Amino acid sequence: MRGRQYISVLDLTREETLEVLRVAQHLRLQRKAGIRRSDILRDRIWVMLFEKPSLRTRATFEVAVRELGGHTFFLGPNEVGLGKREPVKDVARNLARWVDGIFARVFDHGVFETFRRYAPSLSVINALSDLEHPMQALADFQTMLEETGGDLGFHLVFIGDGNNVANSLMLMSALLGSDFTIACPPGYEPPEDVVKRAKEVASKTGSRIHITHDPVEAVSFADFIYTDVWASMGQEHEAEERKKAFARYQVNSQLLRHAPEHAKVMHCLPAHRGEEISDEVIESERSLVFEQAENRLHTVKAMLIMLS
Ligand code: CP
Ligand code: NVA
């Protein structure tokens, strides 16, 4: 799969995605047994090109590359100025002369189309864009599969904004055959083309994709309840307006009273406690947030192995 790209969840087939998840689970068990190192990425160099802040995505990538025997270096917004200091196509053609892969966190998902066109020999992984966060979805599916003992027949319910994380979770549910519901305020649904694509894929796998504005109805049939910030990076100026629109959509103890007892709570982090999730719930035994964070490491390692 060298030179392949993982920009959208749908860049891998169902079988390839399941293989990444199997490798990730193997790596998790190996690491628990104290086995961390290999030289699969020996002499490979990946650049991290980030336009936005990050803890989990950056740290897990750096640890992953080191443990796999490769090298990585970081270029932040002040160094590169994608499309500002120089055109994205020039950035792509420069990097293509030096490195084997680009791990990029960008505002505009369209940047990846330029990478595809001008650096076709490079592996490219989407580390979050305005449209998708596929590496997060992989870690979340690993987490849910651990909980269900490998059964994909669960119902994932997302409460909140139809954002990058919601889009990738919806697409991965469709691809792998799990049911997905999003409960969001009117006007904050996932983009129509993403929903259409998810439903097309779901029609082949048996997954059901549902959009509602009623969080109580949505959690009543959830196995997993997921939420994310109401204003994503780059939308800070909309934060106040969004707080009003999303007020009914907080994942808290009151909402969880309507959920099955076994339903677990998830969040990609960072969380705004007191907004999309209450402190009590995120700190409760139902919360899987640090399992998800751990699995960011195993899944990104597995993806690097697949792409190497
Ligand atoms: N969940 C996630 O992507 O976290 P960071 O923004 O800290 O990388
Ligand atoms: N939706 C959030 C996810 C952060 C990991 C954002 O884009 O800011």
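Conventions adopted
- Residues numbered from 1 in each chain as written.
- Chains lettered and ligands numbered in written order.
- Predicted model: local features only at pLDDT ≥ 70, side-chain atom pairs only at ≥ 80, totals over all residues.
- Heavy atoms only, no water.
- Helix = DSSP H or I, 4+ residues; strand = E, 2+ residues; numbered from the N terminus.
- Rg over C-alpha atoms; globule rule 2.2 N^0.38 Å.
- Buried < 20%, exposed > 50% of the residue type's maximum accessible area, 1.4 Å probe, protein only.
- Right-handed = clockwise from strand over helix to strand, strands pointing away.
- Pairing = 2+ DSSP bridges.
- 1 Å grid on protein atoms, 1.4 Å probe; cavity = no way out; pocket = protein on both sides within 12 Å on 5 of 7 lines; lining within 4 Å.
- Points joined across faces, edges and corners; volume = space filled by probe spheres on them.
- Nonpolar A, V, L, I, M, F, W, Y, C, P; charged D, E, K, R; others polar.
- Near = heavy atom within 4 Å.
- Polar contact = N/O pair within 3.5 Å; in protein donor to acceptor, adjacent residues only side chain to side chain.
- Areas by Shrake-Rupley, 256 points an atom, 1.4 Å probe, with all protein chains shown as cover.
- Sits in = over half its atoms within 2 Å of the grid points.
- Axes fitted to C-alpha atoms, helices over the stretch in contact; angles between N-to-C directions.
- Parallel < 35°, antiparallel > 145°, perpendicular 65-115°, else oblique.
- Left-handed = near helix turned anticlockwise from the far one by under 90°.
- Contact = heavy atoms within 4.5 Å.

## Some points on the overall build of the chain
The secondary structure content of the chain amounts to 13 helices and 10 strands. The C-alpha radius of gyration of the chain comes to 19 Å, within 12% of the 19 Å expected for a compact globule of 308 residues. For the chain, the spread of C-alpha atoms along the three principal axes comes to 55 × 45 × 35 Å. A buried classification covers 55% of the 308 residues belonging to the chain.

## Focus: the pairing of strand β6 (residues 155-159)
For β6, the buried fraction is high: five of the five residues fall into the buried class. The parallel pair β6 and strand β7 (residues 179-183) is bridged by helix α7 (residues 164-176), and the resulting crossover is right-handed. Relative to strand β9 (residues 224-227), β6 runs parallel, the two sharing four bridges. Note that in β9 the partner of Phe158 across the bridge is Tyr226.

## Looking at the layout of surface pockets
The calculated volume of the largest pocket comes to roughly 470 Å³. Forming the walls of the largest pocket are 28 residues, and the residues nearest its centre are Val229, Ala231, Ser232, Met233 and Pro270. Elements with a contribution of two residues or more to the lining of the largest pocket: α2 (56-67), α7 and α10 (239-245). A per-element tally of the lining of the largest pocket places α10 first, with three residues. Of the residues in the lining of the largest pocket, the class split is 12 nonpolar, seven polar and nine charged.

## Details of the site of ligand 1
Looking at ligand 1, the residues that line it are Ser54, Leu55, Arg56, Thr57, Arg105, His133, Gln136, Cys268, Leu269 and Arg296. Within the side chain of His133, a nitrogen or oxygen atom sits 2.9 Å from an oxygen atom of ligand 1. Arg296 is positioned with one of its side-chain polar atoms (N or O) 3.1 Å from an oxygen atom of ligand 1. Contact with the protein chains hides 96% of the accessible area of ligand 1, taken as 250 Å² for the molecule alone. With respect to the pocket detection grid, ligand 1 is positioned in the largest pocket.

## Brief notes about the site of ligand 2
Taken together, Leu128, Asn163, Asn164, Val165, Asp228, Val229, Ser232, Met233 and Leu269 form the complete shell of residues around ligand 2. In the model, an oxygen atom of ligand 2 is placed 2.8 Å from a nitrogen or oxygen of the Met233 main chain. Coverage of ligand 2 by the protein chains reaches 94% of its 270 Å² of free accessible surface. Among the cavities detected, the one that contains ligand 2 is the largest pocket. Tallied by class, residues from the shell around ligand 2 come to five nonpolar, three polar and one charged.

## Here we look at the packing of α7 against helix α8 (residues 192-205)
Where α7 contacts α8, the axes come no closer than 7 Å and their chain directions differ by 20°. One finds that α7 runs roughly parallel with respect to α8. The hand of the α7/α8 crossing is left-handed. Judged by residue contacts, Asn167, Met170, Leu171, Ala174 and Leu175 of α7 engage Val194, Val195, Ala198, Val201, Ala202 and Thr205 from α8. Split by residue class, the contact of α7 with α8 holds nine nonpolar, two polar and no charged.

## What about the side chain of Arg242?
Looking at the secondary structure, you find Arg242 in helix α10. There is a polar contact of 2.8 Å between the side chain of Arg242 and the side chain of Glu238. Excluding residues that lie within four positions of it along the chain, Arg242 makes contacts with Asp161, Tyr188, Trp230, Ala231 and Gln235.

## Points about the sheet that holds strand β3 (residues 71-75)
Across a sheet, paired strands are connected by hydrogen bonds in the backbone, their directions being either parallel or antiparallel. Taken in spatial order, the five strands of this open sheet run β1-β5-β4-β2-β3, and their pairing is parallel. At either margin of the open sheet sits one strand with a lone partner, and together these are β1 (5-6) and β3. Sheet topology note: the strand β2 (residues 45-50)/strand β4 (residues 101-105) ladder contains five bridges and is parallel. The residue of β4 that forms the bridge with Leu49 is Ala104. Strands in contact with helix α5 (residues 111-118) are β1, β2, β4 and β5 (123-126); relative to β5, the strand with the most contacts, it is inclined by about 175°.

This is a description of form; function is not addressed.
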